[in-house]
Amino acid sequence: MNRKSGLWIPILCLKVLFITTSCRGESFEIKPPHRGFPPVPYLEDSPPTASRIQLGKKLFFDKGLSADSTVSCATCHLPELAFTDGKPKSIGHQGMETARNAPTLLNVAWHPYFFREGGNPRLESQMLGPLENREEMANSIPNLIDRINQNSHYRNLFKEAFDTDVIDFYHLARAIALFERSLISGYSRWDRWYYLGDDVLDSTELRGWKLFTGKAGCIACHNGPDLTDYSFQNIGLYEQYSDVGLFRRTRDSSDIGKMKTPTLRNLLYTAPYMHDGSLKSLEEVIEHYDKGGKNHFAKSPLIKTLRLSDKEKSDLIALLKSFSDTILYAP
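This report concerns the structure included in the present document. (Residues numbered from 1 in each chain as written. Predicted model: local features only at pLDDT ≥ 70, side-chain atom pairs only at ≥ 80, totals over all residues. Heavy atoms only, no water.)

**A few points about the nonpolar core**
- Grouped together as the largest cluster of nonpolar side chains are 47 residues, with contacts concentrated most on L55, L59, I148, Y154, F158 and L172.
- Of all the secondary-structure elements, those providing two or more residues to this core are helix 2 (50-60), helix 3 (73-76), helix 6 (141-149), helix 7 (152-162) and helix 8 (169-181).
- Considering each element in turn, this core owes the most residues, eight residues, to helix 8.
- Those residues in contact with L55, other than ones at most four positions away along the chain, are Y154, L157, F158, A161, F162 and A175. (Core = buried A, V, L, I, M, F, W, Y, C linked by side-chain atoms within 4.5 Å. Buried < 20%, exposed > 50% of the residue type's maximum accessible area, 1.4 Å probe, protein only. Helix = DSSP H or I, 4+ residues; strand = E, 2+ residues; numbered from the N terminus. Contact = heavy atoms within 4.5 Å.)

**Brief notes about the environment of L59**
- As for its placement among the helices and strands, L59 is situated in helix 2.
- Measuring from C-alpha to C-alpha, the distance between L59 and H77 comes to 13 Å, with 18 residues separating the pair along the chain.
- If near-sequence neighbours (up to four positions away) are discounted, L59 is found in contact with L65, I148, Y154, F158, L172, A175 and I176.

**Side note on the packing of helix 9 (residues 189-196) against helix 10 (residues 203-213)**
- Closest axis-to-axis distance for the helix 9/helix 10 pair is 13 Å, and the angle between their directions is 70°. Put simply, helix 9 runs roughly perpendicular to helix 10. Helix 9 and helix 10 meet at a crossing whose hand is right-handed. The residues of helix 10 that touch helix 9, namely those facing R189, W190, W193 and Y194, are E205, L206 and W209.
- A breakdown of the residues in the contact of helix 9 with helix 10 according to their chemical character gives five nonpolar, no polar and two charged. (Axes fitted to C-alpha atoms, helices over the stretch in contact; angles between N-to-C directions. Parallel < 35°, antiparallel > 145°, perpendicular 65-115°, else oblique. Left-handed = near helix turned anticlockwise from the far one by under 90°. Nonpolar A, V, L, I, M, F, W, Y, C, P; charged D, E, K, R; others polar.)

Take a look at the structure:
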């Protein structure tokens, strides 16, 4: 076990995702951060290569994907904010406010479904939502594909990445998805302590872990390597929900207000919190759960009054902060 102070060396693996290699057409292994994660999944018909990931990165940061060329994927998913944007609700096409808070894209490679109601099963098709949403990128597939086909630089990049002379949405979506699959988080001090046995958490954080797994009960939903079980929960955020969450997909009234459980990774960078960005700080989040949420007929039975002391709240927040990776993300 490595118990040396300073940054854990494997954190440098993040850097390799953003460099250009001379072996651009060869297969490229996207490595999980440690043994706690399974192998990084990808579609069999679209294995990762350096050229595909670099193409996906260029598309991700290109505002030309939006109708008026003012919004890119990165507009709402900034690397320095763990691929969120720091706003309660994101701002998209022509300054319009979107419906929800931007979730982090880190570790989306392992997500079983996407959007707060789980309405899309694959990362490759997920981008259709923001691309065509009038409040986000407000574009259409035919318009976007025509625009990219007229760009000689993109034609060369797609030729190199996919050996194709005709750019279509099939290849575009796979390039962006492969870049997003390469966005890995798992280099926090908590990872070092929990998975590698490094003695890096202090007594406050260790007390917080005891609360997390015991009295506070956070681990019921926030478990596994990404600190989420991806379940849908109504946490009693409101007595009446304007965003009905899972109900949009199932039309089952017992699903009103249920949202996909988010990861707890990188909370230092991803405020404000909740699906609508309504809680500005971790202190507000802990207060919400401590009080047991608001009354709603579909509220999860897991949400109960906790009656944490001020010291316990402080310990729990210290633990939550230890889930954040120890470097920021800069392409």
